[in-house]
Amino acid sequence: MDRLSTGVPVMIHLETHIKQDQDVSDYRLDVDGQLVQMGRTLYLRYLEPNKETGEQTPVTMKFTPEGEVHLTRNAEAELRLHFVSGKRVTARYNTPYGIMPIETVTPYLETSFKERPFSGNVKIDYLLYANEDLVGNYKIRLQFTA
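Residues numbered from 1 in each chain as written. Predicted model: local features only at pLDDT ≥ 70, side-chain atom pairs only at ≥ 80, totals over all residues. Heavy atoms only, no water.

Q: So what about the overall build of the chain? Which residues, and what values?
A: The number of helices and strands found in the chain is zero helices and ten strands. Taken against the 2.2 N^0.38 rule, which gives 15 Å for 146 residues, the C-alpha radius of gyration of the chain at 15 Å falls within 12% of a compact globule. Dimensions of the chain, computed from C-alpha atoms along their principal axes, come out at roughly 45 × 35 × 30 Å. Within the span of the chain, comprising 146 residues, buried residues form 40% of the whole. Considering only contacts within the chain whose residues lie at least 6 apart along the sequence, 35% involve residues at least 24 apart. Surface exposure of the chain reaches about 8800 Å², of which carbon and sulfur atoms provide 47%. (Helix = DSSP H or I, 4+ residues; strand = E, 2+ residues; numbered from the N terminus. Rg over C-alpha atoms; globule rule 2.2 N^0.38 Å. Buried < 20%, exposed > 50% of the residue type's maximum accessible area, 1.4 Å probe, protein only. Contact = heavy atoms within 4.5 Å. Areas by Shrake-Rupley, 256 points an atom, 1.4 Å probe, with all protein chains shown as cover.)

The following block contains the structure:
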């Protein structure tokens with residue numbers, strides 16, 4: 001699609017399931033975003049609203065031709081996660097107090113994209129570790145349609 005090089009508006013539906021210790025929470029978001037293709041890599045960008053502060057956090061998901069996914073959240077603390085199916089990957093959490101090394105283990109990762117209408121479906125199950133301790137178990141389900 002030629003339009004992808006300049007950016008295409010998309011509708012995004014995101015569901016996140018989080019389990020930390022005995023706490024379980026679910027998060028849902030429907031938001032407008034933009035999809036851009038650079039070479040063979042796709043970038044999905046959107047603003048994540050914070051209902052408590054009214055601020056919006058820029059989020060970017062990068063989809064590589066190799067099937068890897070990079071997630072970046074640029075808030076007061078910058079979070080950069082890297083998901084590779086079946087692998088343990090070092091990432092970083094840049095807080096106002098310094099950089100905290102973290103790791104993701106991704107037992108399940110699936111991305112699929114369709115041409116007409118251009119749409120995508122992303123499923124990521126991952127474990128998040130900090131200092132070798134399990135922080136939580138996460139499931140991301142994201143769909144977008146141009």
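There is more to say after this.
Q: I'd like to hear about unusual backbone geometry, residue by residue, with values.
A: Residue Pro117 is bonded to the preceding Arg116 through a cis peptide linkage, with omega at -15°. Within the element layout of this structure, Pro117 appears in the loop between β8 (98–114) and β9 (119–130). A positive phi is found at Asp21, a non-glycine position, where the angle reads about 55°. With respect to the helices, strands and loops of the structure, Asp21 is situated in the loop between β1 (8–20) and β2 (23–38). Positive phi is not limited to glycine here, since Glu132 has a value of about 65°. Following the sequence through the fold, Glu132 ends up in the loop between β9 and β10 (133–145).

Q: Summarise the pattern of salt bridges; cite the residues concerned and give the values.
A: In this structure the tally under the stated criterion is eight salt bridges. With its nearest N and O atoms 3.8 Å apart, the salt bridge here joins Glu132 to Arg88. Residue Glu132 is located in the loop between β9 and β10, and its partner Arg88 is located in strand β7 (residues 88–95); the two are separated by 44 residues in the primary sequence. The salt bridge involving Asp125 is made with Arg141; its shortest N-O contact spans 2.8 Å. (Salt bridge = Lys/Arg side-chain N within 4 Å of Asp/Glu carboxyl O.)

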